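Examination of the molecular architecture
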Amino acid sequence: MDFRLSEEHQALRDSVRDFAREVVAPVIAEHYEQHTFPYEIIRQMGKMGLFGLPFGEEYGGMGGDYFALCLALEELARVDSSVAITLEAAVSLGAMPIYRFGTDEQKARWLPKLLSGEALAGFGLTEPGTGSDAGGTETRAVLDGDEWVINGSKAFITNSGTDITALVTVTAVTGIRPDGSKELSTIIVPSGTPGFTVAPGYSKVGWTASDTHELTFDDCRVPAGNLLGERGRGFAQFLRILDEGRIAIAALAVGLAQGCVDESVKYAGQRHAFGRPIGNYQAIQFKVADMEMKAHTARLAYYDAAARMLAGEPFKRQAAIAKLHASTIAVDNAREATQIHGGYGFMNEYPVARFWRDSKILEIGEGTSEVQRMIIARDLGM
Ligand SMILES: Cc1cc2nc3c(=O)[nH]c(=O)nc-3n(C[C@H](O)[C@H](O)[C@H](O)COP(=O)(O)OP(=O)(O)OC[C@H]3O[C@@H](n4cnc5c(N)ncnc54)[C@H](O)[C@@H]3O)c2cc1C
């Protein structure tokens, strides 16, 4: 039992913390307000090696581990979640499926540019008509000679429409099994493929400096060799990807929750009411103490899930617990931080307003809180 960070992990955490404060913080409010994608920040994150953190050096990765990615996400989200989710989706949902399931050829073609941050990939699972019930996928892919012909649409796909998006991996029904169930497979669709259309970005409540689009596939043809891994393994693939991704989202949520503590301590020391800084009132101190308690315990939950994953032990339940708990307390902390800021907390120029708008999606994306409860209960044999 040792939750202290190694020297490498500490050094990474500190350098991402400095980067978030010195590079992200000064410019992100403008991107958030204007709904612009922060290309320059992403370029610098690429140079720091953040997109290659949990990957082997043979494809240009940093040779680190998934926990390193989580630490980076926590530190970024402590300042801004749009940047953090861009990294999370690029690594955990974009590059990881190719790294885990791709052929040598697919890895050699795509990973070097994805791991350097020069290019981004999206992960297209959710559809306009189905999200939690991913088995309800309706997008179809039919093998015609040596090409897949894809028809259907995907909703809310992160990193799918930036100027540097190279591809999306798409889950599609590729057949019906003898028992009548759908055979799901995953296929790589490069950006710009005829028949692949990216709709204009959504108007979102939060994460407004991140990139999210609806995608349509209309007789979109890609080579048969773009199948990712084995045919019919799509379901198993995305379950694995989402299990890991939950730890990353938990880390991101902890970052937001901790950012709420940072901003609240600062503000409570500056703002005066009834002749004293509001931080002198015990009612405010207790709020901040509770926020710190929640961020701390949620951090331990994701550390535990990540440790189990890296040890090769089962981690599904712990990842779901970490994601459920961290997203819940992120929403709690954002609400309390806004309350501590009074009217200024409702003004977009204050970071806590961003935290409040960015917190709710954490209870929805990569499996809603209800889905996390379903996973935990199922793992308990219910
Ligand atoms: C900004 C953003 C970025 C996203 N990025 C991506 C991405 O990159 N790739 C991707 O594939 N998806 C992405 N998503 C989609 C996201 O993962 C889904 O929105 C999420 O999984 C929920 O699916 P849904 O929206 O269809 O809700 P639904 O599944 O329709 O759920 C609606 C409600 O019903 C509840 N519910 C559903 N089934 C049950 C049940 N059996 N018991 C109890 N309650 C239930 C849900 O918990 C929820 O409260 C993104 C979404 C957003 C908003």
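**Concerning the overall build of the chain**
- Helix and strand counts for the chain come out as 10 helices and 10 strands.
- Over its C-alpha atoms the chain spans a radius of gyration of 21 Å, differing by no more than 12% from the 21 Å that the globule rule assigns to 382 residues.
- Judged by the C-alpha coordinates and their principal axes, the chain covers about 80 × 45 × 40 Å.
- Across the 382 residues that make up the chain, the buried fraction comes to 53%.
- In the chain, 74% of the contacts between residues at least 6 apart in sequence involve partners at least 24 apart.
- As presented, the chain carries roughly 16600 Å² of accessible surface, and 53% of it is formed by carbon and sulfur atoms.

**Quick word on the nonpolar core**
- Ranked by size, the top nonpolar core spans 97 residues in total, and within it Met 45, Leu 76, Leu 87, Leu 114, Ile 247 and Tyr 302 carry the most contacts.
- Here this core takes 17 residues from helix H6 (residues 234–270), the largest share from any one element.
- Sequence-distant contacts of Tyr 302, defined by excluding residues within four places in its chain, comprise Phe 67, Cys 70, Leu 71, Glu 74, Ile 247, Ala 250, Ala 251, Val 254 and Ala 322.
- Ranked by size, the runner-up nonpolar core spans 15 residues in total, among them Trp 148, Ile 157, Val 189 and Cys 220.

**Quick look at the side chain of Thr 171**
- Along the chain, Thr 171 turns up in strand S4 (residues 165–176).
- Since its relative accessible area comes to 1%, Thr 171 is described here as buried.
- Each residue touching Thr 171, except ones within four places of it in the same chain, is listed here: Gly 124, Leu 125, Glu 127, Thr 137, Thr 139, Lys 154, Ser 185, Thr 186 and Phe 238.

**Section: the packing of aromatic side chains**
- Taken as a whole and assessed by the stated rule, the structure comprises 12 aromatic pairs.
- Ring geometry for Phe 67 and Tyr 302: centres 6.3 Å apart, planes at 50°, overall tilted. On the criterion of sequence distance, the pair formed by Phe 67 in helix H3 (residues 66–77) and Tyr 302 in helix H7 (residues 282–310) is long-range, its members being 235 residues apart. Of the two residues, Phe 67 and Tyr 302, neither departs from the other in class, the shared state being buried.
- Taking 6.1 Å as the distance between ring centres and 90° as the angle between the ring planes, the aromatic pair formed by Tyr 267 and Tyr 350 counts as edge-to-face. In this pair, Tyr 267 is assigned in helix H6 and Tyr 350 in the loop between helix H8 (316–340) and helix H9 (351–359), connecting sequence segments 83 residues apart.
- According to the relative accessible area criterion, Tyr 267 is buried, its value standing at 8%.
- Under the relative-accessibility criterion, Tyr 350 is labelled partly exposed at 22%.
- Members of the aromatic cluster, connected to one another through ring pairs, are Phe 3, Phe 67, Tyr 302 and Tyr 303.
- Here the guanidinium or amino end of Arg 354 rests over the ring plane of Tyr 32, the centre of that ring lying 5.9 Å away.

**Some remarks on the site of the ligand**
- Taken together, 19 residues lie near the ligand, and Thr 126, Ser 132, Phe 156, Thr 368 and Glu 370 sit nearest.
- Contacts to the ligand include Ser 132, whose side-chain N or O atom sits 2.6 Å from an oxygen atom.
- Thr 158 has a polar side-chain atom sitting 2.8 Å from a nitrogen atom of the ligand.
- For the ligand, the accessible surface in isolation is 980 Å², of which the surrounding protein chains cover 64%.
- Among the cavities detected, the one that contains the ligand is the largest pocket.

**Notes on H3**
- End to end, H3 covers 17 Å across 12 residues, agreeing with the expected 16 Å (1.5 Å per residue, within 8%).
- Within H3, 12 of the 12 residues are buried, which leaves the element mostly enclosed by the surrounding structure.
- Looking at H3, one finds that the buried residues are Tyr 66, Phe 67, Ala 68, Leu 69, Cys 70, Leu 71, Ala 72, Leu 73, Glu 74, Glu 75, Leu 76 and Ala 77.
- On its buried face, H3 sits against helix H1 (7–34), helix H2 (39–48), helix H4 (81–101), H6, H7 and H9.
- Two or three places before Phe 67, at the opening of H3, Asp 65 has a side-chain oxygen 3.2 Å from that residue's backbone nitrogen.

**Some words on the pairing of strand S7 (residues 212–223)**
- Across 9 bridges, strand S3 (residues 147–158) lies against S7 in antiparallel orientation. Across the sheet, the residue bridging to Lys 154 is Leu 215, located in S7.
- Both strand S6 (residues 196–198) and S7 contribute to a ladder of 3 bridges, which runs antiparallel. Within S7, the position partnered with Thr 197 by the bridge is Thr 216.

**Looking at helix H5 (residues 104–115)**
- Taking 1.5 Å as the rise per residue, H5 with 12 residues should run 16 Å; its terminal C-alpha atoms sit 15 Å apart, in good agreement.
- Those residues of H5 lying buried are Gln 106, Lys 107, Trp 110, Leu 111, Leu 114 and Leu 115. All buried residues of H5 project into a common sector of 115° when viewed along the axis, lining one side.
- Looking at the packing, one finds that the buried side of H5 touches H4, strand S1 (120–124), S4, strand S5 (182–190) and strand S8 (227–228).
- Just past H5, the residue Gly 117 takes up positive phi, approximately 80°.

**Let's talk about the pairing of strand S2 (residues 140–144)**
- Pairing of S2 with S3 involves 5 bridges; the strand directions are antiparallel. Bridge pairing in S3 places Ala 141 opposite Ile 150.
- Connecting S2 to the antiparallel partner S3 that follows it, the hairpin turn spans 2 residues, and Gly 145 within it adopts a positive phi of roughly 65°.

Rules behind the numbers
- Residues numbered from 1 in each chain as written.
- Predicted model: local features only at pLDDT ≥ 70, side-chain atom pairs only at ≥ 80, totals over all residues.
- Heavy atoms only, no water.
- Helix = DSSP H or I, 4+ residues; strand = E, 2+ residues; numbered from the N terminus.
- Rg over C-alpha atoms; globule rule 2.2 N^0.38 Å.
- Buried < 20%, exposed > 50% of the residue type's maximum accessible area, 1.4 Å probe, protein only.
- Contact = heavy atoms within 4.5 Å.
- Areas by Shrake-Rupley, 256 points an atom, 1.4 Å probe, with all protein chains shown as cover.
- Core = buried A, V, L, I, M, F, W, Y, C linked by side-chain atoms within 4.5 Å.
- Phe/Tyr/Trp six-rings, centres within 6.5 Å; stacked < 30°, edge-to-face > 60°.
- Lys NZ or Arg CZ within 6 Å of the ring centre and 35° of its normal.
- Near = heavy atom within 4 Å.
- Polar contact = N/O pair within 3.5 Å; in protein donor to acceptor, adjacent residues only side chain to side chain.
- 1 Å grid on protein atoms, 1.4 Å probe; cavity = no way out; pocket = protein on both sides within 12 Å on 5 of 7 lines; lining within 4 Å.
- Sits in = over half its atoms within 2 Å of the grid points.
- Expected span 1.5 Å × (residues − 1).
- Pairing = 2+ DSSP bridges.
- Arc of directions from axis to C-beta.

By themselves, these are just geometric observations and shouldn't be taken as functional.
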